[in-house]
Amino acid sequence: MTMSEDTGTARFQVELRNATKLYGDFAAIRDISFGVAKGEFFSILGPSGGGKTTVLRAIAGLIDLTSGDLLIAGAPVNGVPVYRRGMGIVFQNYALFPHMNVFDNIAFGLRMRKVGKPEVHARVTEAMARVHLDGLGGRMPSQLSGGQQQRVALARAIIVNPRVILLDEPLGALDRNLRIAMQAELKSLQRELAITTVCVTHDQEEALSLSDRIAILNKGGVEQIGTPIEIYERPASRFVASFVGGTNLIEVVVHRSDAVSTELILPDADRTLVRVNSGDATVGRAVTLSLRYEAIRIASSPSPSPGDASVLGTVTNIAYGGSVSIFHVAINNGLTLVVAASGKPLFGLGDTVHLSWPSGAGQILQS
Ligand SMILES: Nc1ncnc2c1ncn2[C@@H]1O[C@H](COP(=O)(O)OP(=O)(O)OP(=O)(O)O)[C@@H](O)[C@H]1O
């Protein structure tokens, strides 16, 4: 069997089992395990130096693992060279051949495979149409915009019908508006082709909007794997909660807990009680409460809903951000809560405000 054939029986199209890569004593990645299902868009998200590129390079076959296994369509490929793995790779800097025009760049993989001229012509024309490059076949890469170069790189990767496509910060070089437009294009192309995709990014919004599932990598290890909603709504650790989206991390004490909910004591002067929707916490124990910026309501009067947690505070900082403004509010023991409110800022520095949030808005973090 060659790597471009598909047995169709494996549970995962790409799977890492306990993958570790050492450089001397330093583990760039350690003990990483995950599987990517056929047709899935799987992102690897994390801060700089977290090990994202190392994972991608290992999957591509550009580096060997120190220990652990890599399986493609269920078969171990340790030692199988890059060109036999059936991968399409798109790097951040596009890596187009500068001396070839768009048509030849896209045709490259087919010509290497000795595909006949008429078929090359038909497939390149079709791929160009798919990524909206019609009519640009004769241009050189230097005559294209960043977005167009990105499309050439994508067309060049998909034209050989790879079983998996690997994207390394594919939209990182584009400005914000173009990046958002290209995200939508990339996602619809990926869905149309139903192509298994592994994407490395440090951009949390990009990962949340494109992915079926995300692995959060930090210091070479996996912090959490889950759907975008699971990662955002139920972060497994302080690191995930603060890396993905903005959140207040507050040290609190467990006041009461049953099977389904827990009451926590906020360290403000009123020892305000906060209820969360998770149970079986140990009474008296100190835990971390994660409270998303946008979960907190800021108003000039207390919340009308009796079940809401409510605290009084003073605005100490405002960052106007167009659609959303960020307020820093000092509550009455020196603790500062950060709040995101949409629309024009209705409060000024020094204003007294009421902060409130509904029962169940926060999360207890386990680590
Ligand atoms: N060839 C190498 N020799 C030694 N250390 C390396 C090598 N390649 C990577 N590393 C180290 O391994 C760690 C993980 O690197 P990696 O490039 O995978 O991170 P990353 O998450 O992709 O970061 P970035 O977002 O900055 O690209 C880093 O600390 C890096 O310095």
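What counts, and where the lines are drawn
Residues numbered from 1 in each chain as written. Predicted model: local features only at pLDDT ≥ 70, side-chain atom pairs only at ≥ 80, totals over all residues. Heavy atoms only, no water. UniProt positions renumbered as here; feature names shortened; annotations may be inferred. Domains from an automatic or database assignment. Buried area = accessible area lost by both parts, 1.4 Å probe. Salt bridge = Lys/Arg side-chain N within 4 Å of Asp/Glu carboxyl O. Polar contact = N/O pair within 3.5 Å; in protein donor to acceptor, adjacent residues only side chain to side chain. Nonpolar A, V, L, I, M, F, W, Y, C, P; charged D, E, K, R; others polar. Pairing = 2+ DSSP bridges. Helix = DSSP H or I, 4+ residues; strand = E, 2+ residues; numbered from the N terminus. Axes fitted to C-alpha atoms, helices over the stretch in contact; angles between N-to-C directions. Buried < 20%, exposed > 50% of the residue type's maximum accessible area, 1.4 Å probe, protein only. Parallel < 35°, antiparallel > 145°, perpendicular 65-115°, else oblique. Left-handed = near helix turned anticlockwise from the far one by under 90°. Contact = heavy atoms within 4.5 Å.

Per an unreviewed UniProt entry, the protein chain goes by the name Putative spermidine/putrescine transport system ATP-binding protein and belongs to Chelatococcus asaccharovorans. Recorded under Sequence similarities (unreviewed entry), the UniProt text for the protein chain is reproduced unchanged: "Belongs to the ABC transporter superfamily."

Novice: Pulling in residues and values, what's your account of the domain arrangement of the protein chain?
Specialist: Domain boundaries in the protein chain define domain 1 (12-239) and domain 2 (248-365). Taking the mean C-alpha position of each, domain 1 and domain 2 sit 39 Å from one another. Interface of domain 1 and domain 2: buried area, both sides summed, is about 620 Å²; carbon and sulfur atoms make up 44% of it. Looking only at domain 1, the three residues that lose the most surface to domain 2 are Y232, P235 and R238, adding up to 80% of its buried area. Taken together, the links from domain 1 to domain 2 amount to one salt bridge. R238 serves as the salt-bridge partner of E251, at 2.8 Å between the closest nitrogen and oxygen. The interface formed by domain 1 and domain 2 contains five residue pairs in polar contact (both at pLDDT 80 or more). In terms of residue class, the side of domain 1 that touches domain 2 is made up of three nonpolar, one polar and three charged.

Novice: Please give an account of the sheet that holds strand β13 (residues 273-276) that cites residues and values.
Specialist: Strands sit in the order β13-β12-β11-β14-β20 across an open sheet of five strands; the sheet is antiparallel. On the outer flanks of this sheet lie β13 and β20 (363-365), each paired with one strand and no other. Within the sheet, the average angular offset between the axes of one strand and its neighbour, ignoring direction, is 50 degrees. Relative to strand β12 (residues 262-265), strand β11 (residues 247-257) is paired through four bridges, and the arrangement is antiparallel. From the neighbouring strand, V253 faces β12, where its bridge partner is I265.

Novice: Quick one: what's the story with helix α2 (residues 102-112), residue by residue and with numbers?
Specialist: An α-helical turn contains 3.6 residues, so any two residues separated by three or four positions project in the same direction. Residues of α2 that are buried: V102, F103, N105, I106, A107, G109 and L110. Regarding α2, its N-cap is N101, as a side-chain oxygen of that residue lies 3.2 Å from the backbone nitrogen of F103 further along. One or two steps after α2, the chain reaches K114, where phi turns positive at roughly 60 degrees.

Novice: Would you mind going over the sheet that holds strand β15 (residues 297-299) in detail, with residue names and values included?
Specialist: Pairing within the open sheet is antiparallel, and its five strands lie in the order β15-β19-β16-β17-β18. On the outer flanks of this sheet lie β15 and β18 (336-342), each paired with one strand and no other. Geometrically, the sheet is characterised by an average inter-axis angle of 45 degrees between neighbouring strands, direction not taken into account. Inspection of the sheet shows strand β16 (residues 309-321) paired to strand β19 (residues 352-357) by six bridges, in the antiparallel sense. Bridged to G313 within β19 is V353.

Novice: Mind laying out the packing of α2 against helix α3 (residues 117-130), listing which residues take part and the relevant values?
Specialist: Orientation of α2 relative to α3, taken along the N-to-C sense of each, is 125 degrees, at an axis distance of 10 Å. When the axes of α2 and α3 are compared, the pair comes out oblique. Handedness of the crossing formed by α2 with α3: right-handed. Facing V102, F103, I106, A107, L110 and R111 of α2, the residues of α3 in contact are V120, H121, R123, V124, A127 and M128. Across the contact of α2 with α3, the residue classes tally to nine nonpolar, one polar and two charged.

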